[in-house]
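In case you want the letters, here they are:
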Amino acid sequence: MSEGIRIGVYVCHCGTNIAGTVDVHEVARYAGGLPNVVVSKEYKYMCSDPGQAMIREDIKKERLNRVIVASCSPLLHEETFRKCCADAGLNPFYFQMVSLREHVSWVHSKEKEKATEKAKNLVHAAVMRVVHHESLSKKRIPINPNVLIVGGGIAGIHAALTIANAGKKVYLIEREPTIGGHMAKFDKTFPTLDCAACILTPKMTAAGKHPNIMLWTYSEVVKVDGYVGNYKVTVKRKPRYVNEDKCIGCLACIEGCVFKEAKFPNRFDEGLGKRKPVYIPFPQAVPMKVLIDPETCLKLKTGKCKMGCAEACGQNAIDFDQKEEYKEIEVGTIILATGFKGFDPTILPFYGYGRYPNVYTSLEVERLLNAAGPTGGEVVLRDGRKPSRVAIIHCIGSRDESTNRWCSRVCCMYSLKLAHLIKEHTDAEIYEYYIDMRTPGKGFEEFYNRVAEEGVTFIRGKVADIYPESLDGSSNRLVVVAENTLIGRVVKIPVDMVVLSIGLVPQPDAKDVRRMFNISCSEEGWFLERHPKLAPVNTFTDGIFLAGCCQGPKDIPDTVAQAGAAAAETLALIDKGEIELEANFAYVKDDCSGCKSCINLCPYSAISFDEAKGKAVINEALCKGCGTCVASCPSGSIGQHLFEDVQIFKEIKGILANGEGVVR
Amino acid sequence: MTDKFEPRIVAFFCNWCTYLAADSAGVSRKQYPPNVRVIRVMCSGRVDPQFVIDAFANGADGVLIGGCHPGDCHYSEGNYKTLRRYQLLKRMLKGFGIDERRLRLEWISASEGDKLQKVITEMTEEIRSMGPLNLPSKIKTEDKELHLSGVKP
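Residues numbered from 1 in each chain as written. Chains lettered and ligands numbered in written order. Predicted model: local features only at pLDDT ≥ 70, side-chain atom pairs only at ≥ 80, totals over all residues. Heavy atoms only, no water.

### Quick notes on the overall build of chain B
- Along the backbone of chain B there are 5 helices and 4 strands.
- Sequence-ordered secondary structure for chain B, helices as α and strands as β, is β-α-β-α-β-α-β-α-α.
- Its C-alpha radius of gyration of 17 Å places chain B within 12% of the 15 Å reference for a compact globule of 153 residues.
- Its C-alpha atoms put chain B at 55 × 35 × 20 Å along the principal axes.
- By the burial criterion, 59% of the 153 residues in chain B qualify as buried.
- Long-range pairs, those at least 24 residues apart, make up 79% of the contacts in chain B between residues at least 6 apart in sequence.
- Summing over all exposed atoms, chain B offers an accessible surface of approximately 6,600 Å²; the carbon and sulfur share of this is 55%.
- Here chain B carries 23 positive and 19 negative side-chain charges, and the mean point of each set is 2 Å from the other. (Helix = DSSP H or I, 4+ residues; strand = E, 2+ residues; numbered from the N terminus. Rg over C-alpha atoms; globule rule 2.2 N^0.38 Å. Buried < 20%, exposed > 50% of the residue type's maximum accessible area, 1.4 Å probe, protein only. Contact = heavy atoms within 4.5 Å. Areas by Shrake-Rupley, 256 points an atom, 1.4 Å probe, with all protein chains shown as cover. Lys, Arg positive; Asp, Glu negative; His and termini not counted. Charge placed at Lys NZ, Arg CZ, Asp CG, Glu CD.)

Right under this line is the structure:
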């Protein structure tokens, strides 16, 4: 069987990452003594140019027909070395990788001898396995050029425009009635203080009008089938009770509504502003189409109403019979840009949010400051007063063992921005309570200095309590208690307004979304990127990319940069026209007895039964290569390329060899 | 071989969850005993019961199968098939006289490097306290006995 097999083993030092723990010299020596191994070498960085050149040269000079690299995780460099083999004329599937870094040196750094022993076992397993490798070729399938983008915040909008401008069709799905996301709610952006609306709304309008962008707001993805290049996605379009094609955004219906006063809290204004049952979220909404809220509309709730809205509409656009619709679309790639949620401060009762009306979240203050907001840009308290002293408290729900351990990255900077803006609007005294001032970014430290020079008082300490200054109503101030850790003293400062700088948390349904798109989440609930440094917008599922805060807290520039990167990755995939799929699909061997036990096991219905031959047949194009059918075939008549029974049996034998090349 | 008994555990990890958890444990430098050797499969559903038995027969003291959490399988439901086989396999191992604690199935997601560290540490300690399985030499002895009694092995 092993006649003519010539294996080359290459043990990588990875600088000192591997060599610092594993005796790489000993591993290479050991591998050199194993059957069929004709070359066994070690090198500082096997993935570098000289490392790869060495392998290529050996393949030619030593007529190697099998190559093993023992270095890092195959998820990082398997493709690199496969390509290296192919460049030297060797079929890439004769290559096998051994993970000595993630699985050995990094996790057994204090047990050098045993780590070396383990490394030898793993290399031994690969040497035995690779003998049974075969020459394979990758499946090629055409890729659908359409792109789905989930989430219409700044990340989704930027990615959509980039891809649409490249001439590809984009479906931009947003579950709120308007695109714009969190950024649309902000007044100004740090550190340049340019107004969020001025930089965002032109992009929103462009996305709404772009001939290549199919914009579906008030819609949600409910089902995803298929795989890279060929996804089938079902989108639920919630009823607006307004015909989007007919509505021209004149807003006459809002005027005509039987409710003369707007009396229902507007979610877009964080509940600070009021709206009618028929409304637009905010004046610059895209699409500029009204919608009717079934929870508050008399007609939809009770069936009885004069329907002033329908009467006022000159376009006949109001449609109370609208039902939710399910649309199926076909796309080749998907970008998830589902964003974040602000931390809910009611979880921390001592900050008094929800109990004291003058305790606000930072997002609420953004709306107060916004010229298009509920107060027209006036900072007025819920009791109508203008604040003359304001406390801004950092790290609400961040960097805290009892809530979230992560730093939300943007709060220090937006708190400084709010301090500047509140001061500008009200000339109030401002106290900022912080744990550490984190201002890493272009122009950030300079902005901090500027705000400090404007006379904002910084107190280094966590706020312990907030309580009313008096209980008899003689004062409507709140007392903020904190230890100023720089002077080692507890300070109590009465203020008119408290701003809680809430952190960023994953969307509450991130786990469901993750499951639907078959990707992973980090422990905290952020979507997991394929590699934190080398593949920051890719996921472990091919064809699905990430952009913006759904991957982790970040500011607007970083979000836009990431959205651009995701768009580039998408376009790179589409422009190739076809994708190569891993060659690990299953196949039925001749000795199939036709018991049919595999057929029901396949989640992709890739197995059918050939009545004429009396055997099972696997459709290669549908098979995803899980190998469940292979493991269940009672007669061992199903094989799986790259994971053949014999390969795994040999791997087991090699792994259990006792370190001196003796196979029991 | 050192004087102290060092259990040898063969692990079958799925490519999408548990193998990634092992990678992420590596990236976070989480230390665990060097007794587990990992074989990568695409899905825990690929783990043929024969692999487990073969591992024991070749000298493994324990076998660990790692897959995605229920509902999270990259291939929708491969891990459910694993669970079914695992239950039957445990029963069968008992019949062979192999303590069922020597086979373990764990759902470890890509982000659970902590769990991976805990499971491997626990399992190594448990098997260390159980002592070696020594199936290869037992098989050899039994074969010899059968041979002496005139039955062909």
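### Quick look at the overall build of chain A
- Per the secondary structure count, chain A includes 17 helices and 34 strands.
- Considered along the principal axes of its C-alpha atoms, chain A spans approximately 95 × 70 × 40 Å.
- Residues classed as buried in chain A amount to 57% of the 664 residues present.
- Counted over contacts in chain A with a minimum sequence separation of 6, partners at least 24 positions apart contribute 70%.
- Counting only carbon and sulfur atoms, one obtains 50% of the accessible surface of chain A, whose full area is about 27,700 Å².
- In chain A, the 83 positive side-chain charges and the 80 negative ones have mean positions that sit 2 Å from each other.

### Re the sheet that holds strand β10 (residues 213–216) of chain A
Residues and elements named next belong to chain A.
- Spatial strand order, β10-β7-β6-β18-β29: 5 strands in an open sheet with parallel pairing. Looking at the sheet topology across the chains shown, the edges are occupied by β10 and β29 (544–546). Direction aside, neighbouring strands of the sheet carry axes that sit 20 degrees apart on average.
- Direction of pairing for strand β18 (residues 333–336) relative to β29: parallel, over a ladder of 3 bridges. Note that in β29 the partner of L336 across the bridge is L546. (Pairing = 2+ DSSP bridges. Axes fitted to C-alpha atoms, helices over the stretch in contact; angles between N-to-C directions.)

### Topic: the interface of chain A and chain B
- Listed by partner, the interface residues are 55 residues for chain A and 54 residues for chain B.
- Buried area between chain A and chain B, summed over both chains or domains, comes out near 4,700 Å², and the portion from carbon and sulfur atoms is 55%.
- Our enumeration of links across chain A and chain B arrives at 5 salt bridges.
- Of the charged contacts in the structure, one is a salt bridge between D72 of chain B and R515 of chain A, with a shortest N-O distance of 2.6 Å.
- Listing elements by their share of the side of chain A that touches chain B, those giving two or more residues are α3 (74–87), α4 (101–105), α5 (112–130), α14 (510–517), α16 (628–632) and α17 (645–655) of chain A.
- If you tally residues by element for the side of chain A that touches chain B, the top one is α17 of chain A, at 7 residues.
- Broken down by class, the residue content of the side of chain A that touches chain B amounts to 21 nonpolar, 18 polar and 16 charged. (Buried area = accessible area lost by both parts, 1.4 Å probe. Salt bridge = Lys/Arg side-chain N within 4 Å of Asp/Glu carboxyl O. Nonpolar A, V, L, I, M, F, W, Y, C, P; charged D, E, K, R; others polar.)

### Some words on the nonpolar core
- With 91 residues, the main nonpolar core has I7, V9, Y10, I55 and V67 of chain A together with F12 of chain B as its most contacted residues.
- If one sorts the elements of this core by residue count, α5 of chain A sits on top with 8 residues.
- Leaving out residues up to four positions away in the same chain, V67 of chain A has contacts with G8, Y10, I55, I59, C85, L90, Y94, F95, Q96 and V130 of chain A.
- In terms of nonpolar packing, the next biggest core, distinct from the first, is built from 60 residues, V365, A391, Y433 and M497 of chain A among them. (Core = buried A, V, L, I, M, F, W, Y, C linked by side-chain atoms within 4.5 Å.)

### Topic: the packing of helix α1 (residues 24–32) of chain A against α5 of chain A
Residues and elements named next belong to chain A.
- Contact geometry of α1 with α5 gives a least axis separation of 10 Å together with a crossing angle of 35 degrees. Regarding α1 and α5, the two cross each other, and that crossing is right-handed. Between α1 and α5, the contacting residues are E26, V27, Y30 and A31 on the first element and T116, A119, K120, V123 and H124 on the second.
- Across the contact of α1 with α5, the residue classes break down as 5 nonpolar, 2 polar and 2 charged. (Left-handed = near helix turned anticlockwise from the far one by under 90°.)

### Some remarks on the side chain of S73 of chain A
- Topologically, S73 of chain A is positioned in the loop between β3 (66–71) and α3.
- Excluding residues that lie within four positions of it along the chain, S73 of chain A makes contacts with M97, S99 and E102 of chain A together with Y19 and D23 of chain B.

### Regarding the confidence of the model for chain B
All names here are of chain B.
- Overall, the prediction assigns chain B a mean pLDDT of 92, with 96% of residues at 70 or greater.
- Ranking the helices and strands of chain B by mean pLDDT puts strand β1 (residues 9–14) first, with 98, and helix α5 (residues 135–148) last, with 86.
- Scored as a complex, the prediction yields pTM 0.87 and ipTM 0.95. (pLDDT = per-residue confidence, 0-100.)

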